[in-house]
Amino acid sequence: GNVLPIARHFASDRYEDILASLEADDSDWAVKELATLRTKSPQACKVTLRQLAESAKLTDFADNMAMEYRIGARVLVLPDFAEGVRALLVDKTNDAKWTPPTPEEVSDELIDAVFAPLPADEEWTPYDL
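The structure reproduced in this document is the subject of the present report. (Residues numbered from 1 in each chain as written. Predicted model: local features only at pLDDT ≥ 70, side-chain atom pairs only at ≥ 80, totals over all residues. Heavy atoms only, no water.)

With their axes 8 Å apart at the nearest point, helix α2 (residues 15-23) and helix α3 (residues 28-38) run at an angle of 140° to one another. By the angle between their axes, α2 is oblique relative to α3. At the point where α2 passes α3, the crossing takes the left-handed sense. Residues Tyr 15, Ile 18, Leu 19, Leu 22 and Glu 23 of α2 pack against Trp 29, Ala 30, Glu 33, Leu 34, Leu 37 and Arg 38 of α3. Among the residues forming the contact of α2 with α3, the class breakdown is eight nonpolar, no polar and three charged. (Axes fitted to C-alpha atoms, helices over the stretch in contact; angles between N-to-C directions. Helix = DSSP H or I, 4+ residues; strand = E, 2+ residues; numbered from the N terminus. Parallel < 35°, antiparallel > 145°, perpendicular 65-115°, else oblique. Left-handed = near helix turned anticlockwise from the far one by under 90°. Contact = heavy atoms within 4.5 Å. Nonpolar A, V, L, I, M, F, W, Y, C, P; charged D, E, K, R; others polar.)

Relative to the assigned elements, Lys 46 resides in helix α4 (residues 42-57). In this structure the side chain of Lys 46 is engaged in a polar contact, spanning 2.8 Å, whose partner is the backbone oxygen of Pro 103. In terms of polar contacts, Lys 46 uses its side chain to reach the backbone carbonyl oxygen of Val 106, at 3.1 Å. In this structure Lys 46 touches Tyr 15, Glu 16, Pro 103, Val 106 and Ile 111, once residues within four positions along its chain are discounted. (Polar contact = N/O pair within 3.5 Å; in protein donor to acceptor, adjacent residues only side chain to side chain.)

Turning next to a nonpolar patch on the surface. A contiguous nonpolar surface patch, about 380 Å² in accessible area, is contributed by Leu 4, Ile 6, Phe 10 and Trp 29. Structurally, Leu 4 is set in the segment before α1 (5-9). Using a relative accessible area of 59% as the deciding quantity, one classes Leu 4 as exposed. (Patch = residues over 30% accessible without salt bridge, like charges linked within 9 Å, V, L, I, M, F, W, Y side chains within 5 Å. Areas by Shrake-Rupley, 256 points an atom, 1.4 Å probe, with all protein chains shown as cover. Salt bridge = Lys/Arg side-chain N within 4 Å of Asp/Glu carboxyl O. Buried < 20%, exposed > 50% of the residue type's maximum accessible area, 1.4 Å probe, protein only.)

A few words now on unusual backbone geometry. Looking along the chain, the bond that leaves Thr 99 and enters Pro 100 is cis, with omega of -5°. Locating Pro 100 in the fold gives a position in the loop between α6 (79-90) and α7 (108-115). Even without being glycine, Lys 92 reaches a positive phi, approximately 55°. By secondary structure assignment, the location of Lys 92 is in the loop between α6 and α7. In this model, Asn 94 sits at a positive phi of 50°, which is unusual for a non-glycine residue. Within the secondary structure, Asn 94 is located in the loop between α6 and α7. According to the relative accessible area criterion, Asn 94 is exposed, its value standing at 57%.

Inspection of the secondary structure assignment puts Asp 13 in the loop between α1 and α2. Residue Asp 13 is classed as exposed on the basis of its relative accessible area, which comes to 55%. With residues up to four places along the chain from it excluded, the contact list for Asp 13 reads Leu 49 and Ala 53.

We now examine the pattern of salt bridges. This structure, assessed with the given rule, holds ten salt bridges. A salt bridge links Glu 123 to Arg 70, with the shortest nitrogen-to-oxygen separation between them at 2.7 Å. Of the two residues, Glu 123 sits in the segment after α7 while Arg 70 sits in helix α5 (residues 61-75), which places them 53 residues apart along the sequence. For Asp 91, the salt bridge identified is with Arg 86, shortest N-O distance 2.8 Å.

Structure representation (structure tokens):
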């Protein structure tokens with residue numbers, strides 16, 4: 001059957017594959033989506049893709065919350081968060097300079113570190129009533 005463009009272009013868990021798929025399609029929709037993605041933090045896009053893949057494997061709400069907390073704790077201290085706030089909200093220039101600047105430079109090790117367990121005394125735990 002005919003696969004919707006979003007399903008076809010966003011099928012991969014690799015950000016580089018998604019960009020390449022969009023680049024190969026000259027439709028107005030693909031060109032617009034690619035242009036939008038090119039304005040986003042490559043690191044944040046890779047974190048989001050990993051988060052979607054990981055959350056699909058989790059069956060427990062508490063495990064999802066622990067993952068969300070780890071991501072938040074780590075992403076807040078990476079340069080792209082402050083740079084995005086500066087470019088979008090403070091200066092309103094939309095000229096963010098991402099670190100690293102390209103998807104190819106965002107290493108698996110960096111993404112792994114975002115998802116790594118926190119020290120035991122810093123992990124999110126459910127509140128027991």
